[in-house]
Amino acid sequence: MKLYEFMAYELIEKIRNKEISILELAETCFERIEETELILHSFVNLSKEKALEEAKSLDKDLKEDKKIGRLYGLPLANKDLICVKNFPTTCGSKILHDYHPPYNAFVIDRLVKHEGAIHIGNTNMDEFAMGSSTENSCYGPTYNPWDISRVPGGSSGGSAASIASGQAILSLGSDTGGSIRCPAAFCGTVGLKPTYGRVSRYGLVAFANSLDQIGTITKCVYDSALMLEIISGKDLLDSTSVDMKIDNYTEELKKPIDKKIIGVPMEFFGEGIDNEVESAVRKAIDKLERLGAKTIDISIPHLEYTVATYYLLCMSEASSNLARYDGLRYGNMSDNLSGDVYDVFSRTRGEKFGPEVRRRIFLGTFALSAGYYNMFYIKALKVRSLIKNDFVEAFKKCDSIVCPTMPSTAFQIGEFIDDPLQMYIADILTCPVNLAGIPALSIPCGFDSNDLPIGFQIIGDYFDEKGILNIGYQLEQDLNIYRKIAPVTKGGK
Ligand code: GLN
């Protein structure tokens, strides 16, 4: 077995017991990157030299019995919109092409500085996290390690592909409407989107602030629980981060789930859900029942309005957030400086933003314009409350909610690139979670007839990450498919 096939918690044991060195592990990951990166394109920038130096130095500290943190030098892949000091953090966009942040994001400080993970590089993503396929990156797409003719999901597609293929051991993503859970599902990995406010967004480049949340993509539930313990908590630099007790997520995993009441929302199994996805998810629900959980039917009546509401709100917020990139105050300027200041601003934004980002800025600006503000933006806010209330009502009857993560398995590269609406509709099962601000986990629950992974989503009540991780862990152990490493070949039969 290759080192990159082990779970993070197993590698920690091996390093702690001196069976392997931190350098050996880092080198294994970089060898795997060398072997697969030309095919997958998970990374936009690598930090090999610095990472290997760091590994040597941690090995030395370990030898001298110095404390090196709970993550023992595990290789960490970081989504390209979470700031790493002095390292290019570009959001998959030409406009931030050579941006080197002067500071670390809160989560990077926690994982790397405090707990000794090693940052090995930044991963590819849809530009400014807008997309579900990682095709909207200025660097070109990432390919799905299970079938390289398909998308890895998005927008955190690079992070998910790096974990599924063994290029990295831990990874970070961000989730505004599903960008952690979608690629986790398409790549057969575990994706955790925490409650809004559980993890500081300091140093996360904003797409839509009221929906954005940093989370994790890992091979197994335990590893995500471990990362969450480290990245959770109040941060004075993010006023929306919440000062609440941080649970011992890793300890809670092992508890039996026989007292749990699990809600199955009928609307999440409606039209548009692929048969093979539905059948794998229903089988996993049967397993939960065999593990002793009780399932009940519940309803999220406003589900049909979630995609429209989500897109109105995220585009409105994005149009405002991205207004700062004019080439003068933020971002790279166009080389052509002819005309007045407005000409230069427009030219810069036209040249440096990709088509999906421009589309969203247009639509968001329109929705916020004086004449239409009430009709679109304010109305969407009202519907958001209705959707949130649906979940509040549902959680009066059950502990967690389960459903598919995505309506289908990974689609072909290019399949929806000219049909943005189809791509947006694929977010129907993930974006309601962000509108409500609640936590959700995606774990692999099986494979379809093309050997593509299927994602199972477990949605929790506010700050009940421990509950969803517990259910996810028990199901994962029972299904026992999480150790498979993706083949990095062209799939299909
Ligand atoms: N697919 C969604 C979108 O394009 C979600 C993006 C995200 O979560 N960052 O907006």
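The rules behind each value
- Residues numbered from 1 in each chain as written.
- Predicted model: local features only at pLDDT ≥ 70, side-chain atom pairs only at ≥ 80, totals over all residues.
- Heavy atoms only, no water.
- Buried < 20%, exposed > 50% of the residue type's maximum accessible area, 1.4 Å probe, protein only.
- Helix = DSSP H or I, 4+ residues; strand = E, 2+ residues; numbered from the N terminus.
- Near = heavy atom within 4 Å.
- Polar contact = N/O pair within 3.5 Å; in protein donor to acceptor, adjacent residues only side chain to side chain.
- Areas by Shrake-Rupley, 256 points an atom, 1.4 Å probe, with all protein chains shown as cover.
- Nonpolar A, V, L, I, M, F, W, Y, C, P; charged D, E, K, R; others polar.
- Pairing = 2+ DSSP bridges.
- Axes fitted to C-alpha atoms, helices over the stretch in contact; angles between N-to-C directions.
- Contact = heavy atoms within 4.5 Å.
- Parallel < 35°, antiparallel > 145°, perpendicular 65-115°, else oblique.
- Expected span 1.5 Å × (residues − 1).
- Arc of directions from axis to C-beta.
- Salt bridge = Lys/Arg side-chain N within 4 Å of Asp/Glu carboxyl O.
- Lys, Arg positive; Asp, Glu negative; His and termini not counted.
- Core = buried A, V, L, I, M, F, W, Y, C linked by side-chain atoms within 4.5 Å.
- Left-handed = near helix turned anticlockwise from the far one by under 90°.

A. Region of the structure containing helix 7 (residues 221-231). Burial within helix 7 is extensive, with 11 of its 11 residues counted as buried. Looking only at helix 7, the buried set comprises Val221, Tyr222, Asp223, Ser224, Ala225, Leu226, Met227, Leu228, Glu229, Ile230 and Ile231.

B. Up close: unusual backbone geometry. Geometrically, the link from Gly154 to Ser155 is a cis peptide bond, its omega value of 10 degrees lying close to zero. Relative to the helices and strands, Ser155 is located in the loop between strand 3 (118-123) and helix 5 (157-164). For Asn86, which is not a glycine, the phi torsion comes out positive at approximately 60 degrees. Assignment of secondary structure puts Asn86 in the loop between strand 2 (75-79) and helix 4 (106-114). The residue Phe128 is not glycine, and still its phi comes out positive at about 50 degrees.

C. Region of interest: the site of the ligand. In the neighbourhood of the ligand, 15 residues make up the surrounding shell, with Ser132, Thr176, Gly177, Ser179 and Tyr310 lying closest. A distance of 2.7 Å is found between a nitrogen atom of the ligand and a side-chain nitrogen or oxygen belonging to Ser132. A distance of 3.4 Å is found between an oxygen atom of the ligand and a side-chain nitrogen or oxygen belonging to Tyr311. Considered on its own, the ligand offers 290 Å² of accessible surface; in the complex 99% of this is hidden by protein. In terms of residue class, the shell around the ligand is made up of five nonpolar, seven polar and three charged.

D. Seen up close, the sheet that holds strand 4 (residues 170-175). Spatially, 1-3-2-4-6-5-10-11-9-7-8 is the arrangement adopted by the 11 strands of the open sheet, whose pairing is mixed. The open sheet has two edge strands, strand 1 (43-46) and strand 8 (294-298), and neither has a second partner. Going across the sheet, the axis of each strand differs from the next one's by a mean of 30 degrees, ignoring polarity. Looking at chain direction, strand 1 and strand 3 are connected through three bridges and run antiparallel. Bridged to Leu46 within strand 3 is Gly121. With respect to the sheet, helix 3 (residues 48-63) is in contact with strand 1 and strand 3, its orientation differing from that of strand 3 by roughly 160 degrees.

E. The pairing of strand 2, seen in detail. Most of strand 2 sits out of view: five of its five residues are buried. Taking every second residue as pointing to the same face, both faces of strand 2 are buried, with Pro75, Ala77 and Lys79 on one and Leu76 and Asn78 on the other.

F. Spatial organisation of the side chain of Ser133. Note on placement: Ser133 falls in the loop between strand 3 and helix 5. For Ser133, a relative accessible area of 0% puts it in the buried group. Polar contacts involving the side chain of Ser133 include one to the side chain of Glu135, which spans 2.7 Å. Discounting chain neighbours no more than four positions away, the residues touching Ser133 are Asp126, Val151, Pro152, Gly153, Gly154, Phe411 and Met423.

G. Representation of the packing of helix 9 (residues 275-290) against helix 16 (residues 465-479) within the structure. Two numbers describe how helix 9 lies on helix 16: the axes approach to 10 Å, and their chain directions differ by 105 degrees. On the basis of their axis angle, the class for helix 9 and helix 16 is roughly perpendicular. Residue-level inspection shows Ala284, Lys287 and Leu288 of helix 9 in contact with helix 16, the latter providing Ile471, Leu475, Asp478 and Leu479. For the contact of helix 9 with helix 16, the residue count by class is five nonpolar, no polar and two charged.

H. Main features of helix 9. With 16 residues, helix 9 should reach 22 Å at 1.5 Å per residue; the first-to-last C-alpha distance of 23 Å fits that figure. Of all the positions in helix 9, only Val277, Ala280, Val281, Ala284, Ile285 and Leu288 are classed as buried. Angularly, the buried residues of helix 9 cover 145 degrees about the axis, an arc narrow enough to put them on a single face. The outward face of helix 9, more than 90 degrees from its buried face, is lined by the exposed residues Asn275, Lys283 and Arg290. Residues of helix 9 that are buried sit in contact with strand 7 (261-265), strand 8, strand 9 (400-404), strand 10 (440-447), strand 11 (453-460) and helix 16. The backbone nitrogen of Glu276 lies 2.9 Å from a side-chain oxygen of the residue at the head of helix 9, namely Asp274. Directly after helix 9, the chain includes Gly292, whose backbone phi takes a positive value near 105 degrees.

I. View of the pattern of salt bridges. A complete count under the given rule lists 23 salt bridges for this structure. Ionic pairing is found between Asp326 and Arg329, a salt bridge with its closest N-O pair at 2.7 Å. By relative accessible area, Asp326 is classed as buried at 2%. Among the residues examined, Arg329 registers a relative accessible area of 59% and is labelled exposed. Within the structure, one salt-bridge network assembled from shared partners comprises Lys60, Asp61, Glu64 and Lys66.

J. Structural view of the side chain of Lys260. Structurally, Lys260 is set in the loop between helix 8 (249-252) and strand 7. Lacking a salt bridge, the buried Lys260 has Asp464 as its closest oppositely charged neighbour, with an N-O distance of 5.3 Å.

K. Broad picture of the nonpolar core. Judged by nonpolar contacts, the single largest core of 140 residues is most densely connected at Val107, Phe128, Leu172, Phe391, Phe456 and Ile459. In terms of residues, this core owes the most to one element, helix 7, which gives eight residues. Ranked by size, the runner-up nonpolar core spans 10 residues in total, among them Val151, Phe186, Met406 and Ala426.

L. Region of the structure containing the pairing of strand 5 (residues 190-193). By the alternation rule, side chains of strand 5 split into Val190 and Leu192 and Gly191 and Lys193, which are all buried. One ladder, built from three bridges, connects strand 5 with strand 6 (residues 213-218); its direction is antiparallel. Along strand 6, the bridge assignment pairs Gly191 with Ile217. Pairing of strand 5 with strand 10, which is carried by three bridges, proceeds in the antiparallel orientation. Within strand 10, the position partnered with Lys193 by the bridge is Ala440.

M. Local environment of the packing of helix 10 (residues 306-321) against helix 13 (residues 374-397). One way to put it is that helix 10 packs onto helix 13 with a least axis distance of 9 Å and a crossing angle of 130 degrees. For the element pair helix 10 / helix 13, the angle class is oblique. Judged by the sense of rotation from one axis to the other, the crossing of helix 10 with helix 13 is left-handed. Where helix 10 abuts helix 13, its residues Thr306, Thr309, Leu312, Leu313 and Ser316 lie against Phe376, Tyr377, Ala380, Leu381, Val383, Arg384 and Ile387. When the residues that make up the contact of helix 10 with helix 13 are grouped by side-chain class, the tally is eight nonpolar, three polar and one charged.

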